[in-house]
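Inside the fold
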Amino acid sequence: MDFLIEGVLELFKPDSWKVWVMFVIGGVLIFLAIKKELEPALLLPIGFGAILVNLPFSGAINQTMEGIGEVQGIIDWMFRVGIEASEALPLLLFIGIGAMIDFGPLLANPKLLLFGAAAQFGIFFTITIATLLGFNLTDAASIGIIGAADGPTSILVSQVLGSQYMGAIAVAAYSYMALVPIIQPIAIKLSTTKKERAIKMAYNPQGVSKMTRILFPIIVTMIAGLVAPASVSLVGFLMFGNLLRECGVLRTMSETAQNQLANLITLVLGITIAASMKAESFVNLQTLFIMALGLVAFVFDTFAGVFFAKLLNLFSKNKINPMIGAAGISAFPMSSRVIQKLGIEADPTNHLLMHAVGANVSGQIASVVAGGVILGIVPTMI
Amino acid sequence: MTIDMNAVMASLNLMWMGMLAIFTVIVVIFIVTQIMLTVGNRKGKFLKTDENR
């Protein structure tokens, strides 16, 4: 009857402390998801998955059993098929995300596109810091992409580059996205004065024809594909989802992509990511570095966006509120809400939401382009 | 912990190449979008963005 207590005994072996750490991490993620409502759709499955894969002799992951040999575990299988072999899960999620995005505020004021580009700087700054901490270039690039503030992009890039830290990267990406309402106000207040935050911006949107809305996702895909071919799968799936939304003749499919598809993939993706959260590979100093570097990436994305807006103000007659630059990160819609709140805090009549939303959705485009650019450049440097 | 200076230099190289590539893509998208908007508006078949949803 020893088999009944085999698992319990395994937990009390001297080297099992890492498993306990993973149980605590799983518990904390579930707590944050339920109690604090921080990205619950992702952090809850990831947290539960972290417990699932770290239970001794867990049947959810591949195990070698006496007399039988290797037995497949469902989470390892889903990871191999859905992420490792094809990157299908993060890519399919992009269809849902694309269908959810309304590019209207961006199309009404296309200059906001530039802020999306500027706010990707944190990615590259973090890559350099990561190399200074001793990570090799592929791992550093995978860590830096946390700054894309876009979970599926982070997962996909780290997978394609073969990083061993995908679990920590995914947890960092989703955790900091959830923490944008805490991180960004601090970074913005450090880099702007109250007077700058109170700058008002008139909202004079250009008219946007239905044809423009339909052509936009097609043209973005083609341009991104021609300039940065590695970004085609990322940008293409995002824009395919958006085309479903904007074409006007596939309403049911668009709604399915926005709801059922996005929910289903998010649910499966979360628990599948847990395959990369096994104690032996997750509990180490590098994971702590990755969590810290993720924070650096988000902070420097924000700084870059703010300073880019200040730079434009040097040459512009109509002043831009520098906080709009900070909305250029991809964390949508949290970042826009933060900017609106800070604008009102500085001046109760200062409404920046539409500008911030425009910059925020441009961050969605720029972040997937950044992912594609890294996938295109890094392999040539190794 | 050993610092690989080649990796550091490569990351700095990646920084400017990456930002240049992102800005190139975004600026081209901006120009094409602006042309589409101008042409669309000239035809007058548009809806104000905050009214069409």
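Note that residues are indexed from 1 along each chain, following the sequence as it is written. Whichever chain is written first becomes A and whichever ligand is written first becomes 1, with later ones labelled in order. The model is predicted, so local features are restricted to residues of pLDDT at least 70 and side-chain atom pairs to those at 80 or more, both for listing and for counting; the totals for chains, interfaces and linings are taken over all residues. Note: side-chain values were computed over all heavy atoms of the structure, leaving out hydrogens and water.

**What to know about the overall build of chain A**
Definition in use: Each helix corresponds to a stretch of at least 4 residues labelled H or I by DSSP, and each strand to a stretch of at least 2 residues labelled E; elements are numbered beginning at the N terminus. Radius of gyration: C-alpha atoms only; globule rule: 2.2 Å multiplied by the number of residues to the exponent 0.38. Burial classes: relative accessible area under 20% of the type maximum marks a residue as buried, over 50% as exposed, and values in between as partly exposed (1.4 Å probe, protein chains only). Here, residues are in contact when the closest pair of their heavy atoms is within 4.5 Å.
Scanning chain A from N- to C-terminus turns up 21 helices and two strands. For 382 residues, the compact-globule formula gives about 21 Å, and the C-alpha radius of gyration of chain A, at 22 Å, lands near that figure. Counting over 382 residues, chain A shows a buried share of 58%. Sequence separation of 24 or more characterises 76% of the internal contacts of chain A that already satisfy a separation of 6 or more.

**Description of the overall build of chain B**
From N to C terminus, chain B includes one helix and zero strands. Relative to its 53 residues, chain B shows a buried fraction of 34%.

**With respect to the interface of chain B and chain A**
The condition that has to hold: When two components associate, each loses some accessible surface as probed by a 1.4 Å sphere; the sum of these losses over both components is called the buried area. Pairs of N or O atoms within 3.5 Å make up the polar contacts considered here, provided that, within protein, one atom can donate a hydrogen while the other can accept it, and that residues adjacent in sequence are counted only when both atoms are side-chain atoms. Amino acid classes used here: Ala, Val, Leu, Ile, Met, Phe, Trp, Tyr, Cys and Pro are nonpolar; Asp, Glu, Lys and Arg are charged; the rest, including Gly, are polar.
Taken together, the contact between chain B and chain A spans 39 residues of the former and 47 residues of the latter. Regarding the contact of chain B and chain A, the summed buried area is about 3800 Å², with carbon and sulfur atoms giving 77% of it. In this assembly, chain B and chain A are joined by two residue pairs in polar contact (both at pLDDT 80 or more). The residue inventory of the side of chain B that touches chain A, partitioned by class, reads 24 nonpolar, 11 polar and four charged.

**Some words on the pattern of salt bridges**
Residue and element names in this part refer to chain A. Rules: One side-chain nitrogen of Lys or Arg within 4 Å of one carboxyl oxygen of Asp or Glu is enough to make a salt bridge.
As enumerated under the stated definition, the model contains eight salt bridges over all chains in all. For Arg213, the salt bridge is made with Asp102, and the minimal N-O distance between the two is 3.1 Å. With Arg213 in helix α14 (residues 210-227) and Asp102 in the loop between α5 (88-100) and α6 (104-108), this pair connects stretches of sequence that are 111 residues apart. Pair check on accessibility: Arg213 and Asp102 agree, each one buried. In this structure, Asp347 and Lys200 form a salt bridge, with 3.7 Å as the shortest nitrogen-oxygen distance.

**Description of helix α15 (residues 232-247) of chain A**
Note: α-helices contain 3.6 residues per turn, so residues at a spacing of three or four share the same orientation. Residue and element names in this part refer to chain A. Regarding α15, the residues found buried are Leu234, Val235, Gly236, Leu238, Met239, Gly241, Asn242, Leu244, Glu246 and Cys247. On the buried face of α15, the contacting elements are α5, α10 (151-160), α14, α16 (251-273) and α21 (353-381). Where α15 terminates, the next one or two residues include Gly248, which has phi positive at roughly 85°.

Nothing here speaks to function; it is geometry throughout.
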